Amino acid sequence: MAYQVKTSVRPLVEYVFRSGSLESGTRFGGSALQEGTRIHREVQENYGENDRKEVFLKTELTCAEGELIVQVEGRCDGLLQGEDGSYTIDEIKSTSETADQIESGHEVHWAQAKFYAYMLMLDLKLDRVGVRLTYVHKPGGERSVREVMQTAEELTAFVQEVAERYAPYALLLKKREEKRNTAAAALPFPFGRYREGQRLFAGAVFKTVREEKNLLARAPTGTGKTISTLFPAIKAIGEGLVGRIYYLTAKTTTQAGAEEALGLLERSGAYLSSITITAKDKVCFKEEEDCAGGQCRFAIGYYDRVNDALMDLFEHETRITREVLEQYARKHTVCPFEFSLDAAYAADVVVCDYNYVFDPRIAFKRLSDEQRGKSMLLVDEAHNLVERGREMFSAELLKSAFLAIKRGYKEVHEGVRGAADRVNAYLILLRKQAGEAGRFVGSEPPEVMFKLLEPFVEQAEHALVTVHGSEAEEELLEAYFSAQAFLRVGRLYGDQYVTYVETDGSEVRMKMFCLDPSQLLLQSSKNYRSAVYFSATLAPLGFYREMLGSAEDDYTLSIPSPFSPEQLDVTVLPFSTRFRDRERTRDALAGALADTVNKRPGNYLFFFPSYAYLQEIRQAFETRIDPGEIEILGQDAGMSELARTGFLDAFSADREKTLVGFAVMGGVFSEGIDLAGDRLTGVAVIGVGLPQIGLERDIIRDYYNDRSRNGFNYAYVYPGMNKVQQAGGRLIRTEEDRGVLILADDRFLQEPYRSLLPDEWGTK
């Protein structure tokens, strides 16, 4: 019996004809040849009366000596009918290359058009079909056409050859899929028993995906959130409900937990290909190669080598961690970051940042709606997604960037210089409008800026392809991406946005600020089969249900803590940590913290709302302890990955001296870290974590006040208390842990702060 796989035309031919340089692909978000909806529409509007656009075609191809049947489908841009009854397939491509640079046309584009021509030939039983590539050159919009006539025999031979080249990869993945499904169906729970609440959580996740719903779950520390979500998701693969799992995180530290859980499930019998996508700046071999200068040997010729690399990777590996990926990238001389993205389209589980699903700038672009419909999202530490959503759906521009390009391209590219000059001039005008206040806020989209950025983007793209060696090239590239992001966000603009302008000396900053990301988050995830949003700190649950865009029929779940109250000794120190009172209460607070560590040796983490306040209390604390008995470590802004690892490694269970780590709430040490057992004796949370008062927070406050919500809670209290819960949650991580939790602020005894503390802290 033959294996069957289903694919669209474009991913099939792009796998076989990996053409173009990685350099241009990386720079322009996928390919130097940008397909634009507007340009397609303009070309299609000139079609004749009998011509058709966006025509759906499909066929089946048998290859690999009958072992594989490939079901191929897609929509051609145009189907043109001549007066003599002949037919021509038209594929439209927009490009910044000149007609001379394109020459006879790109192989991958011919392949795509010929596939459509082959399917049309079969449908209409034609002897021959015309194949046309219509290139629209930017800037300027000039068109050039390449066209050939293909016989039925030529098309059949070509398509069959391409299918045979695709077959080994498709067969490899199909055989792995069968083995994966069988193993998933038989997979047992990896522990001897479920923790309290864990069976309920896992069952809710499976019910959610079976019924194609979404779930918001508040699952306290100790619930085993990672296993409780991954295990039922993998069982759903075994039931044929799901084909791929995206495990989404906000921070790298959380990814490590997902990798450990996947390793445990594999040892229990799961057979999955999982990959962790690491940020480009971390995984790039830039220490040994000139990535920015375009001379990287891992990038040049990438497409000539990546297919062999993918085959090798998936033939021999299941858990594709950063280390594994780098090993194969070096073996096959391919860019590790681009390699990870290509591998992610074939993996069963993808562990990655939120951005790859929700951010319109970098979300997986090659996923079809059908693939999304067979995939589910597991969104870890989902409380972070609210602020990250605001960030992803906002965009800003700086005047200084365009002034630098105006000067840098004065003698290099007149089109870029002129376009940058016009943007710079408009921002100068806005600076004058801001006047002495230095800012203004509006509720309308910045249409004038859109009209200035569109030609800038076209000119910049043209210059980046055709002009090299400019000292301002990197500045142009950065401004190009900023302008693209600004235009992209502009298409999302609605009632949930404001546009504001701020000035600082000669600098002007224009920002489209997304106040409520809920509907845009929902739009980004709606084509996936199910999404599970989970965190220990989704409180209040109604707030997060609203902010994450939950539908009325989505499920919610709140699981009680599996730990006993006796494990946690909670003390509230009723000092005011408000900015105006800090100097007055500094010495008393530092003294109370010193008394705690002097009386009970061990390892402590103290969390503060800012670095400045951290330093202020640290200095007072140091005068009240014996440095021979107590060691102090401090978190610094911008700590390297190595420094962060060293900080955490210092919290060992067998230390002779007491250790106190000073850190900030909301930072890398307040979420996603486990210091179990004697590695952590106590935690102090100083302050209620309110964000610093500022323009954006006040805009959010006013926005929700106008919508009959408590704007101060939405803008300040809920985000702040979430940081408190996260920081305090570092202490009790297992059923054996014991510890001291200090809450230093008089507001912890007042509403609404008191009600927002976890029940298991026993402060209510």
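All residue numbers refer to positions counted from 1 along the written sequence of the respective chain. At least 70 in pLDDT is required for a residue's local features to be given in this predicted model, at least 80 for side-chain atom pairs to be given and counted, and no such filter applies to totals for whole chains, interfaces and linings, which use all residues. Calculation of side-chain values draws on the structure's entire complement of heavy atoms; hydrogens and water are dropped beforehand.

(A) Representation of the pattern of salt bridges within the structure. For salt bridges, the criterion is a side-chain nitrogen of Lys or Arg within 4 Å of an Asp or Glu carboxyl oxygen. According to the stated counting rule, one finds 43 salt bridges in the structure shown. Through salt bridges with shared partners, one network takes in Glu396, Arg439, Glu502, Arg509, Lys511 and Glu696.

(B) Structural view of the packing of aromatic side chains. The aromatic pairing rule takes the rings of Phe, Tyr and Trp, using the six-membered ring of Trp, and pairs them if the centres are within 6.5 Å, calling planes under 30 degrees apart stacked, those over 60 edge-to-face and the rest tilted. Scanning the model with the defined rule gives 34 aromatic pairs in all. Seen from their ring centres, phenylalanine 543 and tyrosine 718 are 4.8 Å apart, and the 55° between their planes marks the pair as tilted. One end of the pair, phenylalanine 543, is in helix α22 (residues 541-547); the other, tyrosine 718, is in helix α27 (residues 711-728), with 175 residues separating them in the sequence. Each member of the pair, phenylalanine 543 as well as tyrosine 718, carries the same accessibility label: buried. Joined through ring pairs, the aromatic side chains of Phe543, Tyr544, Tyr703, Tyr704, Tyr714 and Tyr718 make up one cluster. In this analysis the charged atom, NZ for Lys or CZ for Arg, is taken to sit over a ring once it is within 6 Å of the ring centre and within 35 degrees of the ring normal. One Lys or Arg, lysine 179, reaches over the ring of tyrosine 271 and ends 4.3 Å from the middle of that ring. Numbering of helices and strands starts at the N terminus; helices are DSSP runs of H or I of at least 4 residues and strands are runs of E of at least 2. The buried label applies to any residue whose accessible area, calculated with a 1.4 Å probe on protein chains only, is under 20% of its type's maximum; exposed applies above 50%, and partly exposed to all values in between.

(C) Spatial organisation of the pairing of strand β7 (residues 214-218). In terms of burial, β7 is largely enclosed, as five of its five residues are buried. Of the two faces of β7, both are covered, the one formed by Asn214, Leu216 and Arg218 as well as the one formed by Leu215 and Ala217. In this structure, β7 lies alongside strand β17 (residues 530-535), joined through five bridges in parallel fashion. Within β17, the position partnered with asparagine 214 by the bridge is alanine 531. Pairing between β7 and strand β18 (residues 555-558): four bridges, direction parallel. Bridge pairing links leucine 216 to threonine 556 in β18. The pairing criterion is simple: DSSP has to find at least two bridges between the two strands.

(D) Representation of the nonpolar core in the model. To form a nonpolar core, buried Ala, Val, Leu, Ile, Met, Phe, Trp, Tyr and Cys residues must be joined to one another through side-chain atoms within 4.5 Å. Leu68, Ile89, Phe339, Phe358, Phe364 and Phe456 are the most contacted members of the largest nonpolar core, which totals 190 residues. Element by element, the count of residues in this core is highest for helix α6 (residues 152-186), at 12 residues. By size, the runner-up hydrophobic cluster in this structure holds 36 residues, among which are Ala204, Ile227, Leu230 and Ala236.

(E) Region of interest: the environment of valine 448. Mapped onto the fold, valine 448 is located in helix α19 (residues 447-466). A relative accessible area of 44% means that valine 448 is categorised as partly exposed.

(F) Quick peek at the layout of surface pockets. Using protein atoms alone on a 1 Å grid, points that fit a 1.4 Å probe yet trap it form a cavity, whereas open point sets bounded by protein on both sides within 12 Å along at least five of seven lines form a pocket; residues with an atom within 4 Å of a point count as lining. Grid points are joined across faces, edges and corners, and a volume is the space filled by probe spheres set on the points. A volume near 610 Å³ is recorded for the second largest pocket. Counting only elements with at least two residues in the lining of the second largest pocket, the list comes to α23 (582-599), α24 (611-622) and α27. Residue polarity is assigned by list, with Asp, Glu, Lys and Arg as charged and Ala, Val, Leu, Ile, Met, Phe, Trp, Tyr, Cys and Pro as nonpolar; anything else, Gly included, falls into the polar class. Here the lining of the second largest pocket is composed, by residue class, of 12 nonpolar, five polar and six charged.

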